[in-house]
Amino acid sequence: MDRFRAWMIRRNEDAGTQEVGLAELTPADLMDGDVDVRVEHTTVNYKDGLAITGKLPVVRRFPMIPGVDLAGTVLNSTNPRFQPGDHVLLNGWGVGEAHYGGYSQMARLNGDWLLPLPDGLTGAQAMAVGTAGYTAMLAIIALERHGLTPSSGPVVVTGAAGGVGSMSVALLAGLGHTVHAVTGRTGEADYLSRLGAVEIIPRDEVSGKPRLLGKERWAAAIDGVGGAVLANVLSMLRRGGAVAACGNAGGMELPTSVAPFILRGVALLGIDSVLASFEARMEAWRRIAADLDRDKLAAMSRTIGFDDLERAARDIVDGKVRGRLVVEVD
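Everything quoted here is computed from the prediction, not taken from an experiment.

Reading guide: rules and limits
Residues numbered from 1 in each chain as written. Predicted model: local features only at pLDDT ≥ 70, side-chain atom pairs only at ≥ 80, totals over all residues. Heavy atoms only, no water. Helix = DSSP H or I, 4+ residues; strand = E, 2+ residues; numbered from the N terminus. Rg over C-alpha atoms; globule rule 2.2 N^0.38 Å. Buried < 20%, exposed > 50% of the residue type's maximum accessible area, 1.4 Å probe, protein only. Contact = heavy atoms within 4.5 Å. Areas by Shrake-Rupley, 256 points an atom, 1.4 Å probe, with all protein chains shown as cover. Lys, Arg positive; Asp, Glu negative; His and termini not counted. Charge placed at Lys NZ, Arg CZ, Asp CG, Glu CD. Pairing = 2+ DSSP bridges. Axes fitted to C-alpha atoms, helices over the stretch in contact; angles between N-to-C directions. Phe/Tyr/Trp six-rings, centres within 6.5 Å; stacked < 30°, edge-to-face > 60°. Lys NZ or Arg CZ within 6 Å of the ring centre and 35° of its normal. Parallel < 35°, antiparallel > 145°, perpendicular 65-115°, else oblique. Left-handed = near helix turned anticlockwise from the far one by under 90°. Nonpolar A, V, L, I, M, F, W, Y, C, P; charged D, E, K, R; others polar. Core = buried A, V, L, I, M, F, W, Y, C linked by side-chain atoms within 4.5 Å. Salt bridge = Lys/Arg side-chain N within 4 Å of Asp/Glu carboxyl O.

Secondary structure summary: the protein contains nine helices and 15 strands in total. The C-alpha atoms of the protein give a radius of gyration of 20 Å, which matches the 20 Å a tight globule of 330 residues would have. Relative to its 330 residues, the protein shows a buried fraction of 54%. Sequence-distant contacts in the protein: of pairs separated by 6 or more residues, those separated by 24 or more amount to 71%. Carbon and sulfur atoms make up 49% of the accessible area of the protein, which totals about 13600 Å². Taking the average location of the 33 positive side-chain charges in the protein and that of its 38 negative ones, the two points are 7 Å from each other.

Okay, the sheet that holds strand β13 (residues 267-270) next. The strand order β10-β9-β8-β11-β12-β13 describes an open sheet built from six strands, whose pairing is parallel. Here the strands that pair on one side only, and so sit at the sheet edges, are β10 (197-202) and β13. Taken over all neighbouring pairs, the strand axes of this sheet differ in orientation by 20° on average, direction set aside. Where helix α2 (residues 123-146) meets the sheet, it contacts β11 (218-223), β12 (237-245) and β13, and its direction lies at approximately 150° from that of β12. Packing against the sheet, helix α5 (residues 227-235) makes contact with β8 (155-157), β11, β12 and β13, and its axis sits at approximately 155° to β12.

All told, the structure shown has one aromatic pair when counted by the stated rule. One residue, R322, lies across the ring of Y191, its end atom 4.2 Å from the ring centre.

This brings us to unusual backbone geometry. Here F62 and P63 are connected by a cis peptide whose omega angle stands at -5°. Inspection of the secondary structure assignment puts P63 in the loop between α1 (46-53) and β4 (69-77).

Once that is clear, we can look at the packing of α2 against helix α3 (residues 163-174). In contact at an axis separation of 8 Å, α2 and α3 are set at 55° when each is read in the N-to-C sense. Here α3 runs oblique to α2, going by the angle between their axes. Judged by the sense of rotation from one axis to the other, the crossing of α2 with α3 is right-handed. Where α2 abuts α3, its residues A128, V129, A132, G133, A136, M137 and I140 lie against G163, V164, M167, S168, L171 and L172. Class assignment for the residues of the contact of α2 with α3 results in ten nonpolar, three polar and no charged.

The next subject is the nonpolar core. Counting 52 residues, the largest nonpolar core has L143, M167, V169, W285, I288 and L292 as its most contacted members. The element that contributes the greatest number of residues to this core is α2, accounting for 13 residues. Beyond its immediate chain neighbours, meaning those up to four positions away, V169 contacts V157, A160, V179, A181, L192, L195, G196 and A197.

This paragraph deals with the pairing of β13. Because side chains alternate across β13, one face comprises the buried residues A267 and L269, and the other comprises L268 and G270, none of which is buried. Pairing of β12 with β13 involves four bridges; the strand directions are parallel. Its bridge partner lying in β13, A244 is registered against L269.

So, on to the pattern of salt bridges. With the rule as written, the count across this model stands at 16 salt bridges. The salt bridge partner of E24 is R3, with a shortest N-O separation of 2.7 Å. Of this pair, E24 sits in strand β2 (residues 17-25) while R3 sits in the segment before β1 (4-12); the two residues are 21 residues apart in sequence, bridging distant segments of the chain. The exposure class assigned to E24 is exposed, which follows from its relative accessible area of 52%. A salt bridge links E188 to R322, with the shortest nitrogen-to-oxygen separation between them at 3.0 Å. Within this pair, whereas E188 is found in the loop between β9 (179-183) and α4 (189-195), its partner R322 is found in the loop between α9 (309-317) and β15 (324-328), the two being separated by 134 residues in sequence. In this structure R322 comes out as partly exposed when scored by relative accessible area, which is 35%. A cluster of three or more residues bridged by salt bridges with shared partners is formed by K47, R60 and E97.

Attention shifts here to α5. Burial of α5 is extensive: eight of the nine residues sit out of reach of the surface. Along α5, the residues classified as buried are G227, V229, L230, A231, N232, V233, L234 and S235. In this structure, the buried residues of α5 make contact with β8, β11, β12, α6 (259-263) and β13.

On to the environment of T26. Within the secondary structure, T26 is located in the loop between β2 and β3 (35-43). T26 sits 225 residues away from G251 along the chain, and the two C-alpha atoms are 39 Å apart. In contact with T26, not counting residues within four places along its chain, are D2, R3 and F4.

Below, the discussion takes up the side chain of T183. Relative to the helices and strands, T183 resides in strand β9. Each residue touching T183, except ones within four places of it in the same chain, is listed here: A161, L192, I200, I201, P202 and R203.

Remember, this is a structural readout, not a statement about activity or role.
Pasting the structure below:
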């Protein structure tokens, strides 16, 4: 690929503003790495929206090609793990934040960040899953290790109509759990029910001022919201329950107390998808390939073109995106 297109974020330090636009690059413009990948698909995560809008300081160096996920085919490699023609995917590792990311027709990457595309998934399906589904599976594995089984009781998912939420609902339901879905978009009730939620809870029920302890409702939770929503969920967990926290769409603050932890023995499990180990990633993707209902994956995803990326990234921050977006790059 002598020339290729990429979305580029540039910052005007004097004005304190940033600009986003398509650029034409050559391989010489890329950062260091030992594997060149022809990017065929990517996706739009909430973090990508924050990077493009600049609403939070996600990007740590400028200029930057955003995009924390990608799937494609190896073009060149000096890494012994990969050969030209291999199909690979990537999530996290600071790509799209400190290293040029997936919103480009070509990427040069550290081969240690790459995973082989799991058997049974196409590149497009892997990006329909993306960081959202990979994070959801890491959360489920953490809850299972804490002792969660389908017989433990209902599991609540916050931000359920978003990417992580939709994936969490579908995966949990497929594993036999009773799923309650919290959403601020009550018009998405039918969508969430089709994914497997048996109860739809308006966000207002869990977004008010948290009580020290509320009525015990759920055995576990996957929370991608944070803030008062997470605090309320903690206060309403059953004795010995756990929350897997993996997002901050509702804020970085956590207005809670020690009461749920010392009076009910609940646990707060942090999910770091960006720097998870190779072994943790492989386990999560193996489980996704085995456990995820492909019909539900199709129902929660839609495909957009490469030129539509900026608009989609802004829409996801504004809460206008349901489920998952697959971007056809190549």
